[in-house]
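Now for the letters of each chain:
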Amino acid sequence: MPELAEVELARRQWSPFHGNRIVGLETHPAARIYRDCPAPALRVLEGLSLQTSRSHGKRMLFTFAPELHLEIHLGMSGKLLVGLPDHALHKHDHLVLRTQQASLVFNDYRMFGRVMLHDRADPWADLPPQPQDSRFSLARVRKLLARYPNKPLKALLLDQNTCPGIGNWMADEICWRLGLHPGVPVSRVDPSPLRRTIRFVTFGALKHVTEKNAGASSSGFAPGSYVTQVPPKSWLFQHRWKKGGLCPKCRTPLARDTIATRTTAWCSSCQIFPST
Ligand SMILES: [Zn+2]
């Protein structure tokens, strides 16, 4: 599932078309991505220009007027693509915004993604701070740990109200860099290194995934498509799903199990489970 860096990269696929007017719109009305917003409601975007866009965690917001925004979630398999103005609809293209220069396409073959419309000035005013925001302070991290003392570390990291945008690969990377077992209750976690590591992995993901892939040709998230650059071999990222993958620090074969409902990889030698 795309995490904050992949989502930001997806958002940037459409950003060269800020200022372009929507001259036509096509939908697959029966697609499950319209479960929060009936497809015909999107007709309101026709004739308007895409003004700006931003991402927050795993969400993207495309603004067409001060009080009109299209929010898109990619879910498991969603992607934003750019096609020619006469782009022919592919089976899994559920939303196409036509401009004079290009077709902006939301494609999602598993349809866990979703779209919604907002008609107020800042629909995201109440969202929690992202790890890369200055409001993701040590005081905030302390408060989160105190609020959920028995929660396993990995579950806290995956909670979108706590760490918006962090998903499975980033959570495993953070636990590995902290030297802590992903299942350790957060009451046993020191808030200062936790915050530092969350931010290190977040800024690293934005650098290695978002920045380094920006401008690459866009055809999807799978290897060889728009994410062609990945974090370096010194990151757990490159080893966690490899058959016989080894810890990049100590060469111990990586352990794998389900923790916080997600398949998790860790190093049983580097990552401890402190008793207090
Ligand atoms: Zn190790």
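Parameters at a glance
Residues numbered from 1 in each chain as written. Predicted model: local features only at pLDDT ≥ 70, side-chain atom pairs only at ≥ 80, totals over all residues. Pairing = 2+ DSSP bridges. Helix = DSSP H or I, 4+ residues; strand = E, 2+ residues; numbered from the N terminus. Axes fitted to C-alpha atoms, helices over the stretch in contact; angles between N-to-C directions. Buried ≥ 20, exposed ≤ 12 C-beta atoms within 10 Å, placed from the backbone. pLDDT = per-residue confidence, 0-100. Contact = placed C-beta atoms within 7 Å. Core = buried A, V, L, I, M, F, W, Y, C linked by C-beta atoms within 7 Å. Domains from an automatic or database assignment. Parallel < 35°, antiparallel > 145°, perpendicular 65-115°, else oblique. Left-handed = near helix turned anticlockwise from the far one by under 90°. Nonpolar A, V, L, I, M, F, W, Y, C, P; charged D, E, K, R; others polar.

S.K.: Looking at this model, I keep getting lost on the sheet that holds strand β4 (residues 68–73). Mind explaining?
M.R.: As a general point, the strands of a sheet are linked pairwise by backbone hydrogen bonds and lie either parallel or antiparallel. Spatially, four strands are ordered β2-β3-β4-β8 in an open sheet, and the strand pairing comes out antiparallel. One side of each edge strand has no neighbouring strand; the edge strands of this open sheet are β2 (52–56) and β8 (114–118). In this sheet, neighbouring strand axes are inclined to one another by 20° on average, regardless of whether the strands run parallel or antiparallel. Two elements, β4 and β8, share five bridges in a ladder whose sense is antiparallel. Following the sheet pairing, leucine 70 is matched in β8 by leucine 117.

S.K.: Got a minute to help me understand helix α1 (residues 4–14) in this structure?
M.R.: Along an α-helix, residues three or four positions apart point the same way, because every turn accommodates 3.6 residues. Of all 11 residues in α1, 10 are buried, a share of seventy percent or more. Regarding α1, the residues found buried are Leu4, Ala5, Glu6, Val7, Glu8, Leu9, Ala10, Arg11, Arg12 and Trp14.

S.K.: Quick question: what am I supposed to make of the confidence of the model for the chain here?
M.R.: Taken as a whole, the chain shows an average pLDDT of 92; of its residues, 95% reach a score of 70 or greater. Contacts of residues 218–224 to residues separated by more than four positions or lying in other chains number 15 contacts, the stretch itself having pLDDT below 50.

S.K.: How should I be thinking about the nonpolar core in this particular structure?
M.R.: The nonpolar side chains of a soluble globular protein tend to be buried, and buried together. Leu157, Ile166, Met170, Ala171, Ile174 and Cys175 are the most contacted members of the largest nonpolar core, which has 59 residues in total. Counting residues per element, this core draws most heavily on helix α4 (residues 168–178), which supplies seven residues. Taken domain by domain, the makeup of this core includes at least three residues from each of domain 1 (4–118) and domain 2 (138–266). Excluding residues that lie within four positions of it along the chain, methionine 170 makes contacts with Glu3, Val201 and Ala205.

S.K.: Can you help me understand the packing of helix α2 (residues 138–147) against helix α5 (residues 191–213) in this one?
M.R.: When two helices pack together, their arrangement is given by the angle between their axes and by how far apart the axes lie. Contact geometry for α2 and α5: axes closest at 9 Å, N-to-C directions at 115°. As far as their axial angle goes, α5 and α2 are roughly perpendicular. Considering the relative orientation of α2 and α5, their crossing is right-handed. Residues Leu138, Val141, Arg142 and Leu145 of α2 form the contact with α5, whose participating residues are Pro191, Ser192, Leu194 and Arg195. Class assignment of the residues belonging to the contact of α2 with α5 gives a composition of five nonpolar, one polar and two charged.

S.K.: Would you mind going over the environment of alanine 41 with me for this structure?
M.R.: One can find alanine 41 in the loop between β1 (24–27) and β2. C-alpha separation for the pair alanine 41 and threonine 63, spaced 22 residues apart in sequence, amounts to 15 Å.

S.K.: I keep staring at unusual backbone geometry and nothing clicks. Help me out?
M.R.: Trans peptide bonds make up most of the peptide bonds, and negative phi angles are found at most residues other than glycine. A positive phi angle, close to 60°, is found at methionine 111, a residue other than glycine. Mapped onto the elements, methionine 111 comes out in the loop between β7 (103–107) and β8. Of the residues examined, methionine 111 has 18 C-beta atoms within 10 Å and is grouped as partly exposed.

S.K.: What exactly am I supposed to notice about α4 here?
M.R.: Most of α4 sits out of view: 10 of its 11 residues are buried. By the burial criterion, the buried members of α4 are Trp169, Met170, Ala171, Asp172, Glu173, Ile174, Cys175, Trp176, Arg177 and Leu178. Contacts from the buried residues of α4 go to α3 (153–158), α5 and β10 (262–266).

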